[in-house]
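Coordinates in review
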Protein chains: 2
Amino acid sequence: MKQEIFKNMLREKGLKVTNQRMLVLELMAERPGQHLTAEEIYDLARQTYPEIGLATIYRTVQVLVDLSVIDKVSFDDGFARYELGGVDRESRHHHHHAICNRCGNVFSFQGDLLDTLEQALLDRSGFLVTDHEVKLHGYCRECREAMEEEQDGKS
Amino acid sequence: MKQEIFKNMLREKGLKVTNQRMLVLELMAERPGQHLTAEEIYDLARQTYPEIGLATIYRTVQVLVDLSVIDKVSFDDGFARYELGGVDRESRHHHHHAICNRCGNVFSFQGDLLDTLEQALLDRSGFLVTDHEVKLHGYCRECREAMEEEQDGKS
DNA sequence: TTCGATGCAAAATGTTTGCAGCGAT
DNA sequence: ATCGCTGCAAACATTTTGCATCGAA
């Protein structure tokens with residue numbers, strides 16, 4: 001069970017296993033691929049634990065980030081967001097986001113094309129890359145089709 | 001003169017040419033490659049124009065971003081930052097950042113290796129990329145050398 | 001029993017906005 | 001003379017922190 005692994009991770013760090021921490025883990029684990037804000041996690045958590053505080057959510061996601069259970073991401077909309085981390089280091093390293101300018105949906109995809117770029121950077125300037133973030137902005141298929149239709153209607 | 005081009009850009013948009021706007025442009029133009037926060041721009045601006053307000057800085061950088069004179073970037077340290085934009089669309093598209101985890105310095109570099117990835121994404125899922133952000137995290141040469149020395153000292 | 005974790009409220013932080021007066025056109 | 005721009009202060013929104021209490025170990 002995943003929860004047992006998490007409990008051991010907490011114990012190894014000398015942290016306590018609390019209902020709040022287990023609940024937030026569960027909420028995140030149930031929603032792989034989603035990018036939740038603290039407020040969204042708070043709202044979800046209150047459905048089963050109404051007395052939980054927003055500050056606890058912030059403190060708990062920090063713990064989960066420190067344990068590499070979730071990752072903090074930002075789409076520059078003023079909110080920090082959290083998503084379930086990949087299983088291993090490699091899959092996380094190759095996890096990227098494509099954000100649609102029109103509908104705002106975020107599409108995740110995998111790609112290892114940066115490896116070449118990172119090697120070149122190391123050779124050229126001595127910078128050793130340990131992590132990276134790639135955000136692509138553009139238009140998803142649905143929005144592109146919708147925009148073409150709008151265009152057709154006009155002409 | 002670059003300033004005249006900027007004045008015309010403002011006029012074309014029906015915006016007024018003010019001392020504050022010219023000053024902020026000048027400050028940014030003098031510092032290519034730097035990533036300044038609003039507060040930093042504010043401090044620089046007050047050196048020659050002490051009565052300027054921080055709100056004006058925020059409003060002015062927004063104007064400059066809209067005119068594509070500068071770009072807004074974020075290194076997730078809680079500050080929005082602004083840097084002089086590349087001359088053309090292509091050079092901006094291939095402008096990336098490598099951020100050192102130890103000294104916090106930001107190194108800019110050019111690279112077009114994402115073009116392949118973006119074409120693959122379009123083919124596979126219909127997502128058309130119009131812009132992208134790449135942030136690499138790691139250790140710069142100086143910090144790597146410093147860290148090796150620290151390590152040597154210990155053993 | 002101990003000391004970390006929680007909930008609440010207050011504080012902090014970066015950014016935005018309302019408004020009266022100023023200044024470019 | 002107009003109407004957009006500015007400076008100031010207040011408002012905002014997200015996140016952090018202080019503190020008394022709670023609860024896991």
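Throughout, a residue's number is its position along its own chain's written sequence, starting from 1. Chains and ligands are labelled by the order in which they are written, letters from A for the one and numbers from 1 for the other. With pLDDT at 70 or above as the cut-off, local features in this predicted model cover only qualifying residues; side-chain atom pairs require 80 or more to be listed or tallied, and sums for whole chains, interfaces and linings still use all residues. Each side-chain value is derived from all of the structure's non-hydrogen atoms; neither hydrogens nor water enter the calculation.

Here is the rule we go by: UniProt positions are given in the numbering used here, feature names are shortened, and annotations may be inferred rather than shown by experiment.
As annotated in an unreviewed UniProt entry, chain A carries the name Ferric uptake regulator, Fur family and comes from Lacrimispora saccharolytica. You can read under Sequence similarities (unreviewed entry) in the UniProt record for chain A the words "Belongs to the Fur family."

**So, the UniProt feature "binding site: Zn(2+)" (unreviewed entry) in chain A**
The line we're drawing: Every helix listed is a DSSP run of H or I at least four residues long, and every strand listed is a run of E at least two residues long, numbered separately from the N terminus. Contacts are assigned to residue pairs with any non-hydrogen atoms lying within 4.5 Å of each other.
Those places that UniProt annotates as "binding site: Zn(2+)" (unreviewed entry) correspond, in this numbering, to Cys100, Cys103, Cys140 and Cys143 of chain A. Taken along the chain, the residues just named run across 44 residues; in space they keep tight, none of their C-alpha pairs more than 8.3 Å apart. By the secondary structure assignment, cysteine 140 of chain A is in the loop between β6 (128–139) and α7 (141–154). Setting aside anything within four residues of it in sequence, one finds cysteine 140 of chain A in contact with Cys100, Cys103 and Phe107 of chain A together with Gly126 and Phe127 of chain B. Mapped onto the secondary structure, cysteine 143 of chain A falls in helix α7.

**Digging into the packing of aromatic side chains**
Keep this limit in mind: The aromatic pairing rule takes the rings of Phe, Tyr and Trp, using the six-membered ring of Trp, and pairs them if the centres are within 6.5 Å, calling planes under 30 degrees apart stacked, those over 60 edge-to-face and the rest tilted. Only protein chains enter the area calculation, which uses a 1.4 Å probe; residues under 20% of their type maximum are buried, those over 50% are exposed, and those in between are partly exposed. Here, a charge over a ring is recorded when the distance from Lys NZ or Arg CZ to the ring centre is within 6 Å and its angle to the ring normal is within 35 degrees.
Enumeration according to the criterion identifies 2 aromatic pairs over all chains in this entry. Each ring, one from phenylalanine 107 of chain A and one from phenylalanine 127 of chain B, has its centre 5.8 Å from the other, and the planes form 65°; the classification is edge-to-face. Taken together, the residues span two chains, with phenylalanine 107 of chain A in strand β5 (residues 106–110) and phenylalanine 127 of chain B in the loop between α6 (114–125) and β6 (128–139). The class of phenylalanine 107 of chain A is partly exposed, set by a relative accessible area of 33%. Among the residues examined, phenylalanine 127 of chain B registers a relative accessible area of 3% and is labelled buried. Stacked on the ring of tyrosine 42 of chain B, the Lys or Arg arginine 46 of chain B has its end atom at 4.0 Å from the ring centre.

**Observations concerning the environment of valine 134 of chain A**
Inspection of the secondary structure assignment puts valine 134 of chain A in strand β6. Under the relative-accessibility criterion, valine 134 of chain A is labelled buried at 3%. Apart from residues no more than four positions distant in its own chain, valine 134 of chain A is found in contact with His96, His97 and Leu114 of chain A together with Leu114, Glu133 and Val134 of chain B.

**Quick word on the layout of surface pockets**
Residues and elements named next belong to chain A. Here is the rule: The rule is simple: put a 1 Å grid over the protein atoms alone, call a set of points where a 1.4 Å probe fits but cannot get out a cavity, call an open set with protein on both sides within 12 Å along at least five of seven lines a pocket, and count a residue as lining if it has an atom within 4 Å of a point. Grid points are joined across faces, edges and corners, and a volume is the space filled by probe spheres set on the points. When residue character is reported, Ala, Val, Leu, Ile, Met, Phe, Trp, Tyr, Cys and Pro are called nonpolar, Asp, Glu, Lys and Arg charged, and the others, Gly included, polar.
Of the voids in this model, the second largest pocket is the one considered here, and its volume is about 310 Å³. Forming the boundary of the second largest pocket are 15 residues, of which Lys2, Ser68, Val69, Gly86 and Val87 lie nearest the centre. For the lining of the second largest pocket, the elements supplying multiple residues, two or more each, are α1 (2–12) and α5 (89–93). It is α1 that provides the largest number of residues to the lining of the second largest pocket, a total of 4 residues. Its residues assigned to classes, the lining of the second largest pocket shows 8 nonpolar, 3 polar and 4 charged.

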